[in-house]
Amino acid sequence: MRAVVYERYGGPGVLRVQDVPTPSPAAGQVLVKIAATSINLSDWEALRGSPGYARLGGLRTPRRRTLGSDIAGLVEAVGHGVTRFQPGEEVYGDNLALMGGFAEYSVAPASALALKPPELTFAEASTIPQAGAIALQGTVRASSGRRVLINGAGGGSGSFAIQLAKRSGAHVTGVDNAHKLEFMRTLGADEVIDYRHDDFTRGHEPYDLILDLVAQRSVFAYRRALAPGGWYRCVGGSVRALLRVLTIGATAGMITGRRIGVMVVQPGPAHFQPLTDLCVAGQVGIHIDRTYPLEEVPEALARVGQGRALGKVVITPT
């Protein structure tokens, strides 16, 4: 089969399309013929090996030669003990443990997959698993009348999070680069901020909930941006910022009645299917910026990593 592989950390230039053996599913696994794989920021981080946590399991060289976790496709074969799926069924899921989505076939744990609703295309379904789980869990405290800020709101998780927070009745502020301001407005953001020209932690009315997808600032800046009783949760960002949140965030926040911490995302179908249901019902929109073939995975990853994608970018192997 064809797969996009890399053997050392670096930029898009280290990737190449190569013929590799088609994997076989082990016990508890499913072999999926890939129809679509969406790109997450975690793919860009794993490609570059930066921030440092992207090297967990592979300090010097990548642990997995092929990236891509949010997959959708057809069941080709099942391993021993798998009874939930049959060959020919349409599935989707977050294969973060094994990766391998930028290829024609990939093996995934059966527990990571769900049946794809017929109302969604493969490309649409592939956008949901990881980004949807983050958005759902990151906005669970959004409610009517609360002020919610989403930092990094113009990407995959952010585009879902804006819509979910608005559905709850919250006043939503989206933060991203200038290229994405109008896009965030179309998603329902009440206010938008260009982070390159405006610091959301200064000069703005404080927020009841901050979901930070690209943490870079100090704990004390985040505390300043929170209203009394407010919650700050980050999912990604620099190692320095995450370590500060982990080590002093709780103490710094509690002193003033605020909650500051890292959000540990719960993966799996139970945590992304509620968003799928909303998408099928037409209550939340799926926004695909562009689709690329396998040969253009380097360009696709660069588009996401450089902050140019509006919503999700999808790879279609065939």
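Before reading on, note that the structure itself is shown above.
What counts and what doesn't
- Residues numbered from 1 in each chain as written.
- Predicted model: local features only at pLDDT ≥ 70, side-chain atom pairs only at ≥ 80, totals over all residues.
- Heavy atoms only, no water.
- Phe/Tyr/Trp six-rings, centres within 6.5 Å; stacked < 30°, edge-to-face > 60°.
- Helix = DSSP H or I, 4+ residues; strand = E, 2+ residues; numbered from the N terminus.
- Lys NZ or Arg CZ within 6 Å of the ring centre and 35° of its normal.
- Pairing = 2+ DSSP bridges.
- Axes fitted to C-alpha atoms, helices over the stretch in contact; angles between N-to-C directions.
- Expected span 1.5 Å × (residues − 1).
- Buried < 20%, exposed > 50% of the residue type's maximum accessible area, 1.4 Å probe, protein only.
- Patch = residues over 30% accessible without salt bridge, like charges linked within 9 Å, V, L, I, M, F, W, Y side chains within 5 Å.
- Areas by Shrake-Rupley, 256 points an atom, 1.4 Å probe, with all protein chains shown as cover.
- Salt bridge = Lys/Arg side-chain N within 4 Å of Asp/Glu carboxyl O.
- Parallel < 35°, antiparallel > 145°, perpendicular 65-115°, else oblique.
- Left-handed = near helix turned anticlockwise from the far one by under 90°.
- Contact = heavy atoms within 4.5 Å.

Colleague: Quick rundown of the packing of aromatic side chains? Include the residues and the values.
Modeller: Evaluation of the coordinates by the stated rule reveals 2 aromatic pairs. Note on Tyr222 and Tyr232: the rings are 4.2 Å apart at their centroids and 20 degrees apart in plane angle, and the pair reads as stacked. With Tyr222 in helix α6 (residues 219-225) and Tyr232 in strand β12 (residues 226-234), this pair connects stretches of sequence that are 10 residues apart. The lysine or arginine in question, Lys116, covers the ring of Phe122, its NZ or CZ lying 4.9 Å from the ring centre. Lying across the ring of Trp231, Arg141 places its NZ or CZ 3.5 Å from the centre.

Colleague: Tell me about the sheet that holds strand β11 (residues 207-212), and name the residues and values.
Modeller: Pairing in this open sheet of 6 strands is parallel, and the strands run β10-β9-β8-β11-β12-β13 from one edge to the other. Pairing within the sheet leaves two strands with one partner each, and these edge strands are β10 (191-194) and β13 (259-262). Direction aside, neighbouring strands of the sheet carry axes that sit 15 degrees apart on average. By the bridge criterion, 4 bridges tie β12 to β13 in an arrangement that is parallel.

Colleague: Break down helix α4 (residues 156-167) for me, with residues and values.
Modeller: In this model α4 runs 17 Å from its N-terminal to its C-terminal C-alpha over 12 residues, within 8% of the 16 Å that 1.5 Å per residue would give. For α4, every residue scored as buried is listed here: Gly156, Ser157, Gly158, Ser159, Phe160, Ala161, Ile162, Gln163, Leu164 and Ala165. Looking at the residues trailing α4, positive phi occurs at Gly169, about 95 degrees.

Colleague: Run through a nonpolar patch on the surface, naming residues and quoting values.
Modeller: A surface patch of nonpolar side chains, about 260 Å² in accessible area, is lined by Val239, Leu243 and Leu246. Mapped onto the fold, Leu246 is located in helix α7 (residues 239-254).

Colleague: Explain helix α3 (residues 129-138) to me, and be specific about the residues and the numbers.
Modeller: Counting buried positions over the 10 residues of α3 gives 10, a clear majority of the element. Taken as a whole, α3 has its buried residues at Pro129, Gln130, Ala131, Gly132, Ala133, Ile134, Ala135, Leu136, Gln137 and Gly138.

Colleague: Quick one: what's the story with the pairing of strand β15 (residues 312-315), residue by residue and with numbers?
Modeller: With burial as the criterion, each face of β15 is covered, one bearing Lys312 and Val314 and the other bearing Val313 and Ile315. Where strand β3 (residues 29-38) meets β15, 2 bridges bridge the pair, whose relative direction is antiparallel. Bridging across to β15, Thr37 finds its partner in Ile315. The pairing of strand β14 (residues 288-292) with β15 spans 4 bridges and is parallel. In the sheet register, Tyr292 faces β15, and the bridge partner there is Ile315.

Colleague: Hey, could you go over the packing of α3 against α4 for me, with residue numbers and the actual values?
Modeller: Axis separation between α3 and α4 bottoms out at 8 Å; the angle between their running directions is 40 degrees. Our classification of the angle between α3 and α4 gives oblique. The two elements α3 and α4 meet at a crossing, and its hand is right-handed. From α3, Ala131, Gly132, Ile134, Ala135 and Leu136 reach across to α4, where they touch Gly156, Ser157, Phe160, Ala161 and Leu164.

That is the geometry; function is a separate question.
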